[in-house]
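# Commentary on secondary and tertiary structure
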Amino acid sequence: LRPDQLAALDWLARQIAPVCMIEAPPGVGKTLLAAMWAHQQDRPVCILTATLSLLAQYEDLGIPVIRGRANFNCRFGGTCENDGDDSCATDECPYDLAKVRAIRAPVFATTYAAFLSDQTVRAQAPIVVCDEGQRMDDLLSLWYGVTLTVPPTVRPKPPTVPDLALWRLWANQTSPWGDQPSTYARNKRALRKLYHLADRTDWVTTCNAGRLEVRPLWPSDAWTHAMSYAESVLIQSATLYGGHFFAKMLGVEDYAVLRLDSPFDVEQRPVYIIPVANLSYRSTDGDWWRVGQACTDIVKAAGITKGLIHVSSRNQVNRMRSMFNDLLPNVRV
């Protein structure tokens, strides 16, 4: 273990607050830190990630993982994210079988989406590690709220104004829709959830052309509901806004924060801004080609043998991989 990791583990061992936060930049080794701390506990631990790539890193460390229901095929057709078949017993469901195998371990990992969507998973771990914690406010708000896209064929027609009372009344009168079982089940859950939204929460409602989005003004109620089974929580990220504002946003009063500096000297981590193209959803293939050309030029000029290119979607990953294959066929991406 590195000195920063050892210092963080020592700090965690001395904390009594139910919520601890570690703000540590890239390079500290937060994944290994979380795994080591989790294995030191005397109660079951669930580690949460926002992305499947980080979930795979925990799996590489030997920690069993739970993937979402959509990753398992139901023997009655479709995936396990459907509402299920009455004759589909728990001991026959591939998702339930994988889930049971994972939660029997002292430490298991899953995504926020899988954790939030399955109450039985949330109930299994009195200790929770929230990795990629900077994403938590968005993920909690998305889960606690409702998003609906209503086709023009649905009757009765939905309201055209962002009046939550009207939308809840409409949800109680409307039957689910969808050609695929997963779509039908998802819309069924969304309608039921919309009708039963908690009155005590301050909601922000927007609607446009049959699309409704309802989000809590603050994620505090969502946090309380999501962590109702947790006795101890560790939140870690490179960006937690100093920790104090983040705690206020979640409605957490009893917490402790540790901030670690980057293990790399400033001279070893310069930032260069190279304005190549103005990227947006309107970007052309030519814009992306200029970005790909700039990246490959950096790789060639620096003689890089290993590096990381950040993009914001799977489509962009495929774009960059394709361009590197054309421009640098000898480089594995």
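Being a predicted model, the structure only gives us computed values, none of them experimental. (Residues numbered from 1 in each chain as written. Predicted model: local features only at pLDDT ≥ 70, side-chain atom pairs only at ≥ 80, totals over all residues. Heavy atoms only, no water.)

## Thoughts on the overall build of the chain
Going by this rule: Comment: elements are numbered from the N terminus, with helices defined as DSSP H or I runs of at least four residues and strands as E runs of at least two. Throughout this description, buried means an accessible area under 20% of the type-specific maximum (1.4 Å probe, protein chains only), exposed means over 50%, and partly exposed covers the range between. Contacts between residues were defined by any pair of non-hydrogen atoms, one from each residue, lying within 4.5 Å.
A tally of helices and strands in the chain yields 13 helices and ten strands. Dimensions along the principal axes, computed over C-alpha positions, put the chain at roughly 65 × 55 × 40 Å. Each of the 333 residues in the chain was classed as buried or not, and the buried ones make up 42%. In the chain, once contacts between residues fewer than 6 apart in sequence are set aside, the share between residues at least 24 apart is 69%.

## As for the sheet that holds strand S8 (residues 211–216)
Operational definition: Only when DSSP finds a minimum of two bridges between them are two strands counted as paired. Helix axes use the C-alpha atoms of the stretch in contact, all axes being lines fitted to C-alpha atoms, and the angles between their N-to-C directions lie in the range 0 to 180 degrees.
Sheet architecture is open: three strands sit in the order S6-S8-S7, paired in antiparallel fashion. At either end of the open sheet lies a strand with only one pairing partner, and these are strand S6 (146–149) and strand S7 (203–208). Mean inter-strand twist for the sheet, computed between neighbouring axes without regard to direction, equals 10°. Two strands pair when backbone bridges link them, and S6 and S8 are joined in this way by four bridges, in the antiparallel orientation. Along S8, the bridge assignment pairs valine 146 with valine 214. Sheet strands touched by helix H8 (residues 164–173): S6, S7 and S8. Its angle to S7, the strand with the most contacts, is close to 70°.

## As for the pairing of strand S4 (residues 107–111)
For S4, the buried fraction is high: five of the five residues fall into the buried class. Bridge count between strand S2 (residues 45–49) and S4: five bridges; the pairing is parallel. Pairing of threonine 49 across the sheet is with threonine 111, part of S4. Pairing geometry for strand S3 (residues 65–66) and S4, over two bridges, is parallel. If you follow valine 65 over to S4, its bridge partner there is alanine 109.

## Some points on the nonpolar core
Quick note on the threshold: In this text, buried Ala, Val, Leu, Ile, Met, Phe, Trp, Tyr and Cys residues form a nonpolar core when linked through side-chain atoms within 4.5 Å.
Formed by 56 residues in total, the largest nonpolar core has its most connected members in Leu194, Trp223 and Ile235. Here this core takes five residues from helix H7 (residues 136–144), the largest share from any one element. Counting 29 residues, the second-largest nonpolar core is a separate cluster that includes Leu9, Ala24, Leu33 and Ile127.

## Here's the deal with the side chain of lysine 30
Note the cut-off: Note on charges: Lys and Arg go in the positive column, Asp and Glu in the negative column, and His and the chain ends are not counted at all. The salt bridge criterion pairs a side-chain nitrogen of Lys or Arg with a carboxyl oxygen of Asp or Glu, the two atoms within 4 Å. A 3.5 Å cut-off defines polar contacts: any pair of N or O atoms within that distance qualifies, except that in protein one atom must be a possible hydrogen donor and the other a possible acceptor, and neighbouring residues in sequence count only when both atoms are side-chain atoms.
With respect to the helices, strands and loops of the structure, lysine 30 is situated in helix H2 (residues 30–39). No salt bridge forms around the buried lysine 30; measuring N to O, its nearest opposite-charge neighbour aspartate 131 is 6.2 Å away. Within the structure, the side chain of lysine 30 is placed 2.9 Å from the backbone oxygen of alanine 24, a separation counted as a polar contact. Not counting residues up to four positions away in its chain, the partners in contact with lysine 30 are Ala24, Pro25, Tyr58, Gln236, Ser237 and Ala238.

## Considering a nonpolar patch on the surface
The criterion, for reference: Two joining distances apply to patches: 9 Å for like charges and 5 Å for nonpolar side chains (Val, Leu, Ile, Met, Phe, Trp, Tyr), and every residue must have over 30% relative accessible area and no salt bridge. Where accessible areas are quoted, they stem from the Shrake-Rupley method and a 1.4 Å probe; at the residue level, only the protein chains shown are allowed to cover.
Taken together, Leu1, Leu6, Leu32, Met36 and Leu61 make up a surface patch of nonpolar side chains, about 420 Å² in accessible area. Position of methionine 36 relative to the elements: it lies in helix H2. Judged by relative accessible area, methionine 36 falls into the partly exposed class, the value being 32%.

## Focus: the packing of aromatic side chains
Going by this rule: Ring geometry is summarised as follows: Phe, Tyr and Trp rings, the Trp one being its six-membered ring, pair when their centres sit within 6.5 Å, and such pairs are stacked at plane angles under 30 degrees, edge-to-face over 60 and tilted between the two.
Overall, the coordinates contain seven aromatic pairs when judged by the stated rule. Plain terms: the ring middles of tryptophan 167 and tryptophan 170 are 5.4 Å apart, the flat faces sit at 80° to each other, and that makes the pair edge-to-face. In this pair, tryptophan 167 and tryptophan 170 both sit in helix H8, three residues apart, roughly one turn of the helix. Judged by relative accessible area, which is 1%, tryptophan 167 ranks as buried. Ring centres of tryptophan 170 and tryptophan 177 lie 6.3 Å apart, and the angle between their planes is 55°; this geometry places the pair in the tilted category. Pair check on accessibility: tryptophan 170 and tryptophan 177 agree, each one buried. Through pairs of rings, three or more aromatic residues link up here, namely Trp143, Tyr144 and Trp203.

## Thoughts on helix H1 (residues 3–13)
Worth spelling out the cut-off: Each direction from the helix axis to a C-beta atom contributes to the arc, which is the arc of those directions.
By the burial criterion, the buried members of H1 are Gln5, Ala8, Leu9, Trp11 and Leu12. Viewed along the axis of H1, the buried residues span an arc of 160°, placing them on a single side of the element. Summarising the geometry of H1, the exposed residues directed more than 90 degrees from the buried face are Pro3 and Ala13.

## So, the sheet that holds S3
The strands making up a sheet associate through backbone hydrogen bonding, with each pair oriented either parallel or antiparallel. With parallel pairing, seven strands are arranged side by side in an open sheet as S3-S4-S2-S5-S9-S1-S10. Strand pairing shows two members of the sheet lacking a second neighbour, S3 and strand S10 (255–259), which therefore form its edges. Seen against the sheet, H2 touches strand S1 (19–23), S2, S4, strand S5 (127–130) and strand S9 (232–237) and runs at an angle of roughly 165° to S9.

## Digging into the pattern of salt bridges
Per the stated rule, a full pass over the model turns up 13 salt bridges. Put simply, arginine 168 and aspartate 199 hold a salt bridge, and the shortest N to O gap is 2.8 Å. Linking arginine 168 in helix H8 with aspartate 199 in the loop between helix H9 (181–195) and S7, this pair joins segments that are 31 residues apart in sequence. Taken together, the shared-partner salt bridges in this structure form one network comprising Arg69, Asp96, Lys99 and Asp118.

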